[in-house]
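Residue-level listing of the chains:
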Amino acid sequence: MSRRRRLAAVASVLLIVGGAALALAATRYAPSSGTGATARGVAVNGDAVWRAGSRPAPGFELTDQRGRSVSLASLHGQPLMLTFLDSKCTTLCPIAGHQLGVVERRLGGQPVRLIVVSVDPADTRHTVAVAARKWGWHGHWQWLMGTPAQLAPVWRAYGIGVQPTATDITHSMAVYVIDGRGDERAGFLPPLAISRLVSDVRLLQRS
C-alpha cells in the first residue's frame with residue numbers, strides 16, 4: 001500500500017491518544033489528484049502531498065508566546081511547519097516535540113520556522129517555554145495561544161480533533177509543511193518520518 005493510501009486509511013480509523021479515541025479528519029488528508037506533487041519537478045514525500053497552488057492553507061490570526069499577533073499571511077515567504085500541541089501533555093506531544101527538535105537540528109544551517117497552534121487554552125508563556133526546552137527546540141518557533149473560541153476554528157480548519165477530559169486534553173496531531181506562498185505541500189502523521197520531513201522542508205526551501 002502506498003504512503004498516500006495508507007494515510008487515508010489511518011485517517012479513517014480511530015486514533016487512540018491518552019486512553020480516548022479521536023478520528024483524524026480524512027477530508028483534510030485526502031491527497032491531491034494525479035500521480036504526484038512536485039516542487040520544481042521534484043516530488044515531495046509526505047504521508048500526504050499536494051501540488052503547488054492546489055491547497056491553500058487555511059488562514060488564522062492568533063497571539064504567540066511573546067504576546068505578538070501572528071497571522072498565516074504574515075508568515076509567507078519561507079516554508080514552515082505547522083502543528084498542534086499541548087505544552088503539558090504527557091503522551092503524544094513529548095514524542096512529537098522531541099522529533100521536531102531532531103528535524104530542526106538536522107536542518108542545521110537551513111532553519112525552518114515552526115508554528116505551533118495550542119490545543120490547550122490553558123497553555124501559558126511559561127509552560128510552552130518549559131516544553132520547548134525539554135524537547136530541544138532552539139530555532140525559529142512560535143507557539144500560538146488563545147481562548148477556546150479563538151482556537152477551535154483553527155483546529156477544525158486543519159482537521160484536528162480536540163476533546164478535554166477530567167485530567168488531560170485528548171487530541172489528534174499532524175504536521176503540515178506549508179510553502180512560502182502559503183500552500184499546503186505535505187502532511188505527516190505521528191510517529192513522524194523525520195528523514196522525509198527534513199527532505200521535504202529542504203526541497204521547498206530551494207524551490
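The preceding data block contains the structure.
The structure presented is a predicted model; accordingly, all values stated were derived computationally and were not measured. (Residues numbered from 1 in each chain as written. Predicted model: local features only at pLDDT ≥ 70, side-chain atom pairs only at ≥ 80, totals over all residues. Heavy atoms only, no water.)

(A) Layout of the nonpolar core. Of all hydrophobic cores here, the largest spans 34 residues; its most connected members are Met81, Leu85, Leu100, Trp137, Trp143, Val175 and Leu197. Those elements that place two or more of their residues in this core are strand S8 (80–85), helix H2 (92–107), strand S9 (113–118), helix H3 (125–134), strand S10 (141–144), strand S13 (175–178), strand S14 (184–188) and helix H5 (194–206). If you look at the next biggest cluster of nonpolar residues, it comprises 26 residues, including Phe60, Leu75, Leu144 and Tyr158. (Core = buried A, V, L, I, M, F, W, Y, C linked by side-chain atoms within 4.5 Å. Buried < 20%, exposed > 50% of the residue type's maximum accessible area, 1.4 Å probe, protein only. Helix = DSSP H or I, 4+ residues; strand = E, 2+ residues; numbered from the N terminus.)

(B) Layout of the sheet that holds S8. Read across the sheet, 6 strands follow the order S5-S14-S13-S8-S9-S10 without closing on themselves; strand pairing throughout is mixed. Of all strands in the sheet, those bounded by a partner on one side alone are strand S5 (48–49) and S10. Bridging between S8 and S13 involves 4 bridges; their strand directions are antiparallel. Its bridge partner being in S13, Met81 is matched across the sheet by Val177. Strand contacts of H2: S8, S9 and S13, with the helix running at about 165° to S8, the strand carrying the most contacts. (Pairing = 2+ DSSP bridges. Contact = heavy atoms within 4.5 Å. Axes fitted to C-alpha atoms, helices over the stretch in contact; angles between N-to-C directions.)

(C) Up close: the pairing of S14. Among the 5 residues of S14, 5 are classified as buried, and the element is accordingly described as predominantly covered. Pairing geometry for S13 and S14, over 4 bridges, is antiparallel. Directly across from Val177, in S14, lies its bridge partner Ala186. Where S13 folds back on S14, the antiparallel hairpin that results is connected by 5 residues, among which Gly182 adopts a positive phi of roughly 90°.

(D) Spotlight on unusual backbone geometry. Residue Pro191 is reached from Pro190 by a cis peptide bond, and omega for that bond is -5°. Among the secondary structure elements, Pro191 is positioned in the loop between S14 and H5.

None of the figures reported here should be taken as evidence of function without further support.
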